Every structure is written in C-alpha cells, then in structure tokens.
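Observations on chain architecture
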Amino acid sequence: MDGANLLSKCLKEQGVEYMFGVVGFPIIEVGVAAQSHGIKFIACRNEQAACYAAQAIGYLTRKPAVCLVVSGPGLLHAIGGLANATVNCWPVICIGGSSDLDQEGRGAFQEWPQVESARLYCKYVSRPITLQAIPLHVEKAVRSCMYGRPGAVYLDIPGNLVLSSIEEEKIPSAAKVPLPGPVSVPPSSILQSAMNTIQQARKPLVVIGKGLLVNIEVLLDKIIYNDILCRSMASARSFALRECDCIVLIGARLNWILHFGLPPRFSTDLKVVQIDISAEEFHQNLPTSVPLLGDIGETLSTLINYAGDWKFDENSKWMKDLITNAEANRLANKCFIEIEVFNSLKYLNVSRYFFRQTVETMAADHTIPLNYYAAYTPIREFLAQNDVIVINEGANTMDIGRTMMPSTLPRRRLDAGTFGSTMGVGQGYALAAALFCRDYTPTTKVLVVQGDSAFGFSGMELETIARYKLPVVTVIFNNSGIYRGLLPEDMKAVDGDPTLQLV
C-alpha cells in the first residue's frame, strides 16, 4: 500500500468524512486516494477558503474534517484559516505536502519550514518520516483537534512518503479515537458553591458563548431562554452588563467581546461563575469567583439539579428594570446609527445620517436608496418561517445582521466569530453548510448575507458551490466599499492620483 492510500485509509478509519483542498504536487494522489476510500473530496479555488470550509463542517458535524494543501505557498495560504479555527475552537486537520526528506535544506521545490510555520496557529503539529508512523500521527491529530478545547492541527507529509509503498502486514494499527471525547464535571462542593453564589446574587446575568453546543431551549428552561423568548436581555446589553452583580459565563470568555469584564462596563465587585473546559481560561482579566472546570453540557445539566425548586423571582426589581430597559431600547432606540446603502445594481454612497428613530421605523422605510434595516426586513421575515443556516459577513452588514437576524437554534449562525472581523469566511462556510444540510438535514436551507467587500475575499468559491450543485442563496449588500463607497461620478471627479486621496 502506498503512502497516499495509507493516509486516506487511516483518516477514513478515524471517521473523517470530508476533505477540502487545492491539489497539486506532492499531494494530488492523496486527494484521489481519499475518494477511493469513501472520503468526500471538495476541490476549492483557494486554500484559505478550503480551511474555512473544513473547520465549519467540523463544527457542524462535531467530527474532524481535513484541509489538504500543497507544499510551501499552499500551506501559507491556509495559515489564516488555521488561526481562525484555533481562536474559534473549531476542529480541523490540515494536511500539507512537503519536500522529500532527502532534499530538505537543499533548495527543494517549494521548500519551506512548514512545521514551524504552522506551530503557532495549531494545537498540535507533526511530521511522520516513515510510513509506519502515519497511523499513529493521524490518531493523535484527530484526538488533539477534538479533545479538550477543539482547534486546528497540522500534519506535514513529505513528498517521498506519498508514493512509497509498504506491505500491509507491516503497518501498525491505531485505535479509533472515541468521539465525542471523555467528559468531566466539577466536584459536588464546587457545584454547590456555584449555585449558592447564583442564588445569593441580587442581579444575576447569564452569558452564553458558542462553547455551549446543546439546545438551550430544552436544557436551560429553568434559567435562560433562547434569544426570542422573554428572558433574553440582548436589547438591554449595556445596562445588564453594567448593573449585574453576578455573571454566569457558559462557554464564553471575558475577552474584548465582553469588555474584559472590567469597569466601567461592569461593576467593581462583580462575581463570576464560569463553566469552561479549559482551566487556563479562568481568572482571565479578573478573578473567577467559582470556576467550574468540565464539559459544559454535563456541568450545566448537573448544576441545574442543585437548584432544586429555586427559580429567580420574575417579579424582582432586577427583572423589571431589565425588561423596562430592553423594551425602551427596542421601541425607542435613541442611539446614533450610521446608515449605509444597499443596492445591488448601482454604486451609491451617502454621508453619515444620524437618526433618533427606532430600528423598526427604519425597517419600514423603503425609500431609495434602502437603509440596512429595510433591506434586512424581508430576510428576517423569511428566517422566521424557515429553518436556515445563516452565514453573515461584512462590516456594517454583519453588525446590523446580528440585530436583524436573531438566532433561535444552535449551529444556525456562522460569522466572523471570536476574531471579530475575519473577512473571507463567507463562501467557505457556505460550502460547508450546504454539504452539511445535504447530508444531515436536507430540509434546512443555506443563506449567505455579505457586504460587497466581504464577498470579494471569497467570491470565487461560488464556482465551487455551483460545481457541486449545492443550493446556496447569496445576498450581497453593495455600497461599493468598506463601510461606504463612492458614486461613479464622484470617483471620476477625483483629480490626481486616487491612491493619495481615497481609503
């Protein structure tokens, strides 16, 4: 058996179902072998998009998927995707071809220190130098990307191993990695302490991150609801964060998204109850009052049992203040909003308009050019009536999309994630979502809503989506620029070198 088939056989035995990539020397045979072993290979237009697709389908299926890249520039193109996967805690195995072992350091074709390049962005990197080592390296790659906090791993495959052969009886076996991985829960004393802290709080607040992969509508009925039900206080976010005296972090991190948990966004005497699978995440930026180290779903299920018949008083002053603030923001949102233009046919630009209007008032305003909220209104209505995986990408397009396209089910929204403004994820995520829907949930639809700048980063993957006959609808909010663009006549009126005048 040659190295290409051995590698593919090991991946298949470990449960790999999908492989995305751009084939070429020295790994084209790996792509062919993968298909012969029943792994679905999707040929993309760019390695970065392939890496985005592989990690997205890993997140959706909770199984490892592969991004296959060529040596040198091929791996370097995928680096951004690897970093995104690790920061987002999404599993992906990147397999890169590399120069032959006997040519290392001699100026081989596309020679590059690939293991060193990938190490900073991955949980685990390795380079098998014999065919016998491949099964063990694949097993550890799968285990590393899926166990604990998921993330990216990298396997470097020297070109001479791809076509070398070995007698099958000499190939060592590697046990299949049990998935999902082993779980743990904190000791009962810590769980009781957490529940005591929550019950003693006058103004508790639950914050959910994407680390919680269970259906919160079912599991958390005693404490929280999904974000269209009455206890969601997203509309009172600033008030809730500032006034709460105890925050329960469930699969969320006190990073920039939550203002590091520090004043003035939070009170100075804030208590933190945090559930996380990674001990290193506790005491980040401020002390964790009760750290709950363990699997989030199992820990939360167990913690709820400690509540007994207790339920936070819905008539408390805290609940009334939150509801009042949330309702005020929904119905009389007195914030300054920068309006951009939506128009798929014309290049339009407007200056900044500042409105003291409600979101719903703007959503009902269909004057041309449309504002973002009006453009989103029919999309919002469609989402309310259908099961849809939404991929949302852009600057204003994504920010406003989070308000106008509420999430009500787990794994139904894919966007820039923890990095905050990762451009280029759109069509790669859409490719993964479409395959997931086709193979696992055929009644679910896939909708991409992007700004025109975001679309430009990965737009060629539309050809990939069309080539594999996948049903994806893409809507582009086109204002001819990042945040805003110029009218054609304004562009023509620019005197001199535009590189010195336009940003």
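Residues numbered from 1 in each chain as written. Predicted model: local features only at pLDDT ≥ 70, side-chain atom pairs only at ≥ 80, totals over all residues. Heavy atoms only, no water.

As recorded in an unreviewed UniProt entry, the protein chain goes by 2-hydroxyacyl-CoA lyase and comes from Heterorhabditis bacteriophora. UniProt lists a comment for the protein chain under the heading Sequence similarities (unreviewed entry), and it reads "Belongs to the TPP enzyme family." (UniProt positions renumbered as here; feature names shortened; annotations may be inferred.)

1. Describing the sheet that holds strand β4 (residues 92–98)
If you trace the six strands from one edge of the open sheet to the other, you get β2-β1-β3-β4-β6-β5, paired in parallel fashion. Across the chains shown, the open sheet's two edge strands, defined by having one partner strand only, are β2 (40–43) and β5 (124–126). Within the sheet, the average angular offset between the axes of one strand and its neighbour, ignoring direction, is 20 degrees. Where strand β3 (residues 66–69) and β4 come together, four bridges link them in parallel fashion. Bridge pairing in β4 links Val 69 to Gly 96. Here helix α16 (residues 426–440) sits on the sheet in contact with β1 (18–21) and β2, set at roughly 155 degrees to β1. (Pairing = 2+ DSSP bridges. Helix = DSSP H or I, 4+ residues; strand = E, 2+ residues; numbered from the N terminus. Axes fitted to C-alpha atoms, helices over the stretch in contact; angles between N-to-C directions. Contact = heavy atoms within 4.5 Å.)

2. Examining the packing of aromatic side chains
A full pass over the atoms with the stated rule returns nine aromatic pairs. Consider the rings of Tyr 18 and Phe 20, whose centres lie 6.5 Å apart with planes at 25 degrees: the pair is stacked. A single burial state applies to Tyr 18 and to Phe 20, both of which are buried. Their ring planes at 65 degrees and their centres at 5.8 Å tell us that Phe 25 and Phe 109 sit as a pair that is edge-to-face. With a gap of 84 residues between them, Phe 25 in the loop between β1 and α2 (28–36) and Phe 109 in the loop between β4 and α5 (114–119) connect regions that are remote in the sequence. In this pair, the class of Phe 25 matches that of Phe 109, namely exposed. An aromatic cluster of three or more residues is present, and its members are Tyr 52, Tyr 59, Trp 90 and Tyr 429. Over the face of the ring belonging to Tyr 59 we find Arg 411, whose NZ or CZ atom lies 5.5 Å from the ring centre. (Phe/Tyr/Trp six-rings, centres within 6.5 Å; stacked < 30°, edge-to-face > 60°. Buried < 20%, exposed > 50% of the residue type's maximum accessible area, 1.4 Å probe, protein only. Lys NZ or Arg CZ within 6 Å of the ring centre and 35° of its normal.)

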